[in-house]
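# Results of the structural survey
Spelled out from the first residue to the last, the chains are:
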Amino acid sequence: MTYTKRLDGRKQKEIRPIVAKAGVIKNADGSGYFKIGNTVAYAAVYGPRELHPKFLQDPSTGILRCNYNMMPFSGMGNRVKPGQNRRAKEISLVTEKALLPVVDLKEYPNAVVDVFIELPQTDAGSRCAGICAASIALADAGIPMKDLVSAVSVGTVDGTIVVDLDYFEEAYEEGEEGVADIPIAYIPSTQELSLLQMDGVITKDKLVEALEIGKKACEEIIEIQKNALKEKYKISGEDNE
Amino acid sequence: MGKLLVGERSVVVPGEKIAEGLDYLPAHGAYRKDDHILAGKLGLLTVDGRAVKIIPLSGRYMPKRNDVIIGKVIDVMISGWRMDINCAYSAMLSMKDATSDFIARGADLTQFFNLEDYVVVKIVNVTSQKLVDLTTKGPGLRKLYGGRVITVNCNKVPRIIGKQGSMVSLIKNATGCKIIVGQNGIVWLQGEPMSEVIAIQAIKKIEEESHISGLTERVTEFLEKSCGKIEPRESSEEQNDEQSEEAQEEQQEQ
C-alpha cells in the first residue's frame with residue numbers, strides 16, 4: 001500500500017493555505033504574523049538595543065537572539081508546557097541559525113536584536129511558520145537584510161514525497177516505509193538552504209528530489225511574505241514632497 | 001544597458017531585485033549581487049543619477065554626527081553625564097562640552113544636569129564602536145524645564161518638521177506651544193495643558209498619515225477645528241532660533 005491520496009485532500013506538491021501580515025504588534029519595532037493551515041505564528045522584533053548581561057556583547061557585530069515558544073493551549077488539547085525546554089531551546093537555536101545568514105548586524109556592535117516567536121495554535125511545521133513570521137518581522141523592523149527567508153517542511157509519507165506535512169501526516173503509521181519529515185529554510189537570492197533537519201528515514205534519491213520540490217514551495221511562500229510587507233507600507237508609495 | 005526593475009518611489013523589501021546591469025550603483029540600503037542590484041532593507045526606492053538608494057521607513061534611531069537630539073540623563077559620572085538617546089547606545093556628554101563655566105575639581109555635577117533631566121544636545125562624534133559624544137554648546141541647545149516629552153517614529157521626524165520647519169511652526173502657531181523635535185524621535189512640548197494635548201494629537205496624526213498626500217491641508221484643518229482660526233503669531237526670539245535650527249536639520253536630511 002502506498003500513500004497516494006493525502007489525508008486532507010491536497011495535491012502532492014500543494015502547500016496549505018497561507019495568510020501573512022506585517023505590523024500586527026504595535027509595541028514592537030517590527031512584527032509578523034504567519035498562518036499556514038492550522039499552524040499560526042506571531043513574531044515580534046525588538047531592537048537593535050543594548051545587550052545585557054554584558055559578557056554576551058560582541059564588539060565586532062550585533063547579535064541575533066531568537067526565542068521560540070508554544071502557548072499552553074496551542075496543541076491538540078493537551079496542555080503544552082510553555083517556556084524553555086529541550087525542544088524549544090533547539091528550535092530557538094536553529095531559527096537563529098536559519099536567519100543569521102541574511103541579517104547584517106555589523107552596523108550595531110555590542111547590541112542585540114531580539115526575536116520572539118509565539119505560537120497560539122500548532123499543527124506541525126511550527127518552526128517553519130516561526131521562521132517565516134520572524135523574517136517578516138525583521139524586515140518590518142528595518143533591520144538590514146540581504147534577503148527574506150522562507151521555510152517549509154518536505155518529506156515522505158510511506159514512500160510518497162509530499163510538501164508541508166500536517167500533524168496527521170507526521171503521525172501516519174499505516175505504511176511500511178514510515179514517515180520522513182524534513183523542515184527546510186531557503187534563501188532565494190543565493191539559492192541556499194539555511195535550515196535542514198530530519199526526522200525519520202529517507203532514501204538519497206528521494207531526499208534530493210524532495211529538497212528540489214521544497215525550494216519551489218519556498219519560492220511561492222516568499223512571494224506571500226513580500227506581499228504582506230508591501231501591503232503594510234502600500235500607500236507609502238506617494239510622498240508629499 | 002541597465003534598467004530599473006521597479007518603479008522609483010515604490011516600496012521595496014529585502015532581497016527584491018531593483019536594477020539590472022552595471023550602470024546603476026548601489027548606495028545606502030542596497031547591494032550588488034552579480035548583475036543585479038538588490039534591496040538590503042525595507043524602504044522607499046529613490047534614484048539619484050546612477051545611484052540607487054533606499055530610504056528606510058522603519059527602524060530604530062541610529063546616531064549621526066551633527067544631529068540635534070533630545071536626551072535623558074541616566075548617569076552622572078566623574079567628568080560628565082551619560083544620556084539615553086532613544087537608541088541602542090547611550091551617549092556621553094563630557095563636562096568640557098557641556099559648559100564653559102569653571103567647575104572645581106570634585107564639584108557636584110548634578111547642579112548642572114541631574115538624573116532624569118531632558119537636554120537638547122547635538123552629536124559631536126560617533127565612533128565605529130558607536131561611542132557617541134554630545135555637546136550643549138550651540139544655538140538652541142539647553143536643558144529643558146517642565147513640559148511634556150513624547151516619542152515618535154524617528155523616520156517620521158522630517159515629516160513632522162516639514163520643509164524649512166513649516167509643519168512644526170504650523171502647530172506652534174495654532175496651539176501656542178513651544179515644541180522641540182529631536183532627530184532621535186523625542187519631541188518636547190510646553191504650553192497650556194489643553195493645547196499641549198492638541199499639539200500631541202497633531203503630531204501623532206502626522207506620524208500616522210505622513211504617507212498620504214495632502215498632509216499639510218489635513219493638519220491645518222485639524223488644528224483649525226481644535227483651536228479655531230490660526231492667527232499668525234508674533235514670534236519670540238527664542239522661537240526663531242529653534243526654527244532656524246530645525247530648518248537646518250531638515251536640509252541636512254534631504
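Above this text you will find the structure in question.
What comes next concerns the included structure. (Residues numbered from 1 in each chain as written. Chains lettered and ligands numbered in written order. Predicted model: local features only at pLDDT ≥ 70, side-chain atom pairs only at ≥ 80, totals over all residues. Heavy atoms only, no water.)

## Quick look at the environment of isoleucine 150 of chain B
Of note, isoleucine 150 of chain B is situated in strand E15 (residues 148-151). What makes isoleucine 150 of chain B buried here is its relative accessible area of 12%. (Helix = DSSP H or I, 4+ residues; strand = E, 2+ residues; numbered from the N terminus. Buried < 20%, exposed > 50% of the residue type's maximum accessible area, 1.4 Å probe, protein only.)

## Side note on the sheet that holds strand E7 (residues 160-163) of chain A
In a beta sheet, neighbouring strands pair by backbone hydrogen bonds and run either parallel or antiparallel. Residues and elements named next belong to chain A. Pairing is antiparallel across the open sheet formed by four strands, whose spatial order is E7-E6-E8-E9. The strands lining the two open edges of the sheet, one partner per strand, are E7 and strand E9 (192-196). The sheet shows a mean angle of 30° between the axes of neighbouring strands, taken without regard to direction. When strand E6 (residues 150-157) meets E7, the two strands line up antiparallel, connected through four bridges. In the strand pairing of E7, threonine 156 is matched with isoleucine 161. Each of E6, E7, strand E8 (179-187) and E9 is contacted by helix H4 (residues 204-232), which is oriented at about 145° to E6, the strand it contacts most. (Pairing = 2+ DSSP bridges. Axes fitted to C-alpha atoms, helices over the stretch in contact; angles between N-to-C directions. Contact = heavy atoms within 4.5 Å.)

## As for the interface of chain A and chain B
Taken together, the contacts link 34 residues of chain A with 32 residues of chain B. Summing the contributions of chain A and of chain B, the shared interface buries around 2,900 Å²; its carbon and sulfur component is 52%. Applying the counting rule to chain A against chain B returns three salt bridges. In this structure, lysine 130 of chain B engages glutamate 107 of chain A in a salt bridge whose closest nitrogen and oxygen atoms are separated by 3.8 Å. The tally of links between chain A and chain B comes to twelve residue pairs in polar contact (both at pLDDT 80 or more). Every element with two or more residues in the side of chain A that touches chain B is listed here: strand E3 (39-50), helix H2 (126-140) and H4 of chain A. Sorting elements by how many residues they give to the side of chain A that touches chain B places E3 of chain A first, with four residues. Residues belonging to the side of chain A that touches chain B are distributed by class as follows: 14 nonpolar, eight polar and twelve charged. (Buried area = accessible area lost by both parts, 1.4 Å probe. Salt bridge = Lys/Arg side-chain N within 4 Å of Asp/Glu carboxyl O. Polar contact = N/O pair within 3.5 Å; in protein donor to acceptor, adjacent residues only side chain to side chain. Nonpolar A, V, L, I, M, F, W, Y, C, P; charged D, E, K, R; others polar.)

## Structural notes on the packing of aromatic side chains
A complete count under the given rule lists six aromatic pairs over all chains for this structure. The interplanar angle of 75° and the centroid separation of 6.4 Å between the aromatic rings of tryptophan 81 of chain B and phenylalanine 112 of chain B together place this pair among those described as edge-to-face. Residue tryptophan 81 of chain B is found in strand E10 (residues 80-84), and its partner phenylalanine 112 of chain B is found in the loop between helix H1 (95-98) and strand E12 (118-126); the two are separated by 31 residues along the sequence. Here the aromatic cluster, defined as three or more aromatic residues joined through ring pairs, consists of Trp81, Phe112 and Phe113 of chain B. Residue placement shows lysine 21 of chain A over the ring face of tyrosine 33 of chain A; its charged tip is 4.8 Å from the ring centre. (Phe/Tyr/Trp six-rings, centres within 6.5 Å; stacked < 30°, edge-to-face > 60°. Lys NZ or Arg CZ within 6 Å of the ring centre and 35° of its normal.)

Read these as spatial facts, not as claims about activity.
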